[in-house]
Amino acid sequence: MSIHIEAKTGEIADFVLLPGDPLRAKHIAENLLEKAVCYNNVRGMLGFTGYYQGRRVSIQGTGMGLPSHLIYVHELINDYGVKTLIRVGTCGGILDSVKVRELVIAVSASTDSAIVSKQFKGMTFAPTASFNLLQKAIKKAGEKGMNFKAGNILSSDLFYHDPVDPDAYEIWRRYGTLAVEMESAGLYMLASRYGVEALSLLTVSDHLLTGEHVPPLERQENFTNMTELALNIAL
Ligand code: HPA
């Protein structure tokens, strides 16, 4: 048992998928896993362990934003010995060439969060995905015929920017940043710190330039396809 997770030692697999929404964790467990058992309900942040094609895997909700995400990632690694963590989430497209419904594979994650810069005393760390997981994801996405982009993303502390700021994402767009979400830079930083593997897979649910939004049902479909890709990496 850790501070935020009530699982007993051994109840969490060494491979964990990390959706932000705990109800997404439940949906994945119920629809894609066999013999899934819920191991956490502290703060309603559901976690499940089950089997995907015979491979034992866990799914843990993490909430939104770096602070919440990092609490779960820290405890999964340090209290439960998790070795592989794949975030499965959504993102907002920043670049024109990134299209809604597409998959974004986060090679690296820049951030406006003080969490990373503070840790490095103002110097710039480059939070980067596991090369091994990245290679596997790109190969499997290609085999599945999925449309995807791989590159740098932004992990932002803010979902709602000050309305007087005309376009908070313009500077990131100028530097080729694909999309924005709110967790991956922290995940990559902690994975580097503790010598484990991490990757973020994101579906583009909306676009900051065009204002498009994917309707909820289609969002769920895209999310399920991406989650199957993530689970296939475990095999
Ligand atoms: N901003 C931040 N995170 C997101 C967004 C967004 O527009 N869309 C999906 N996750």
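Since the structure is predicted, the reported quantities are computational estimates derived from the model, not experimental observations.

The secondary structure content of the protein amounts to seven helices and nine strands. For the protein, the C-alpha radius of gyration of 17 Å lies close to 18 Å, the compact-globule estimate for 235 residues. Here the protein holds 235 residues, and the buried ones make up 52% of them. Residue pairs in contact within the protein that sit at least 24 positions apart in sequence constitute 77% of those at least 6 positions apart. Accessible surface, the protein: about 11,100 Å² in total, of which carbon and sulfur atoms supply 55%. Placing the 22 positive and 25 negative side-chain charges of the protein at their respective mean positions leaves the two points 6 Å apart.

With respect to spatial proximity, the complete set of residues near the ligand consists of T90, C91, G92, F159, V180, E181, M182, S205, D206 and L208. Within the backbone of G92, one N or O atom sits 3.3 Å away from a nitrogen atom of the ligand. A distance of 2.9 Å separates a nitrogen atom of the ligand from a polar side-chain atom of D206. Look at the ligand: alone it shows 260 Å² of surface, and the protein chains cover 91% of it. Going through the elements one at a time, β5 (84-93), β8 (179-181) and β9 (197-207) are the ones with two or more residues in the shell around the ligand. Ranked by residue count, the leading element in the shell around the ligand is β5, at three residues.

Attention now moves to helix α4 (residues 131-143). Between its first and last C-alpha atoms α4 spans 18 Å; for 13 residues at 1.5 Å apiece the expected length is 18 Å, and the two agree. Taken together, the buried positions of α4 are L133, L134, A137 and A141. The buried residues of α4 all sit within an arc of 100° when viewed along its axis, so they share a single face. Seen from the open side of α4, the exposed residues pointing more than 90 degrees away from its buried face are F131, K139 and E143. For α4, the elements touching its buried residues are β5, β6 (103-111), β7 (148-155), β9 and α7 (216-233).

Two side chains of opposite charge can pair, provided their charged atoms sit close to one another. Inspection of every chain in the model, using the stated rule, returns 10 salt bridges. The salt bridge partner of K8 is E11, with a shortest N-O separation of 4.0 Å. Looking at K8, the relative accessible area reads 58%, which means it is exposed. A salt bridge links E102 to K149, with the shortest nitrogen-to-oxygen separation between them at 2.7 Å. With E102 in the loop between β5 and β6 and K149 in strand β7, this pair connects stretches of sequence that are 47 residues apart.

Of all hydrophobic cores here, the largest spans 66 residues; its most connected members are I12, L76, L85, I86, V104, L199 and L201. Each residue touching L85, except ones within four places of it in the same chain, is listed here: V16, L18, V73, L76, I77, L133, L187, V196, E197, A198 and L199.

Throughout the structure, instances matching the rule amount to two aromatic pairs. Ring plane angle 5° and centroid distance 4.6 Å describe the contact between F120 and F125, whose orientation is recorded as stacked. Aromatic side chains F159 and Y160 sit 4.8 Å apart centroid to centroid with 75° between the ring planes, which places their arrangement in the edge-to-face category. Given a relative accessible area of 55%, F159 falls into the exposed group. Here Y160 falls in the exposed class, since its relative accessible area comes to 69%. Between the NZ or CZ atom of R24 and the centre of the ring of F223, over which it lies, the distance is 4.1 Å. When the ring centre of Y51 is taken as reference, the NZ or CZ atom of K35 above it lies at 5.8 Å.

Moving on, we get to unusual backbone geometry. For residues that are not glycine, phi is negative in most cases, and the peptide bond is trans in most cases. Even without a glycine there, the phi angle at Q53 is positive, about 45°. Following the sequence through the fold, Q53 ends up in the loop between β3 (47-52) and β4 (55-60). Judged by relative accessible area, Q53 falls into the exposed class, the value being 59%. For K121, which is not a glycine, the phi torsion comes out positive at approximately 50°. Within the element layout of this structure, K121 appears in the loop between α3 (114-119) and α4. Relative accessible area serves as the criterion here: at 74%, K121 is assigned to the exposed category.

Thresholds applied
- Residues numbered from 1 in each chain as written.
- Predicted model: local features only at pLDDT ≥ 70, side-chain atom pairs only at ≥ 80, totals over all residues.
- Heavy atoms only, no water.
- Helix = DSSP H or I, 4+ residues; strand = E, 2+ residues; numbered from the N terminus.
- Rg over C-alpha atoms; globule rule 2.2 N^0.38 Å.
- Buried < 20%, exposed > 50% of the residue type's maximum accessible area, 1.4 Å probe, protein only.
- Contact = heavy atoms within 4.5 Å.
- Areas by Shrake-Rupley, 256 points an atom, 1.4 Å probe, with all protein chains shown as cover.
- Lys, Arg positive; Asp, Glu negative; His and termini not counted.
- Charge placed at Lys NZ, Arg CZ, Asp CG, Glu CD.
- Near = heavy atom within 4 Å.
- Polar contact = N/O pair within 3.5 Å; in protein donor to acceptor, adjacent residues only side chain to side chain.
- Expected span 1.5 Å × (residues − 1).
- Arc of directions from axis to C-beta.
- Salt bridge = Lys/Arg side-chain N within 4 Å of Asp/Glu carboxyl O.
- Core = buried A, V, L, I, M, F, W, Y, C linked by side-chain atoms within 4.5 Å.
- Phe/Tyr/Trp six-rings, centres within 6.5 Å; stacked < 30°, edge-to-face > 60°.
- Lys NZ or Arg CZ within 6 Å of the ring centre and 35° of its normal.

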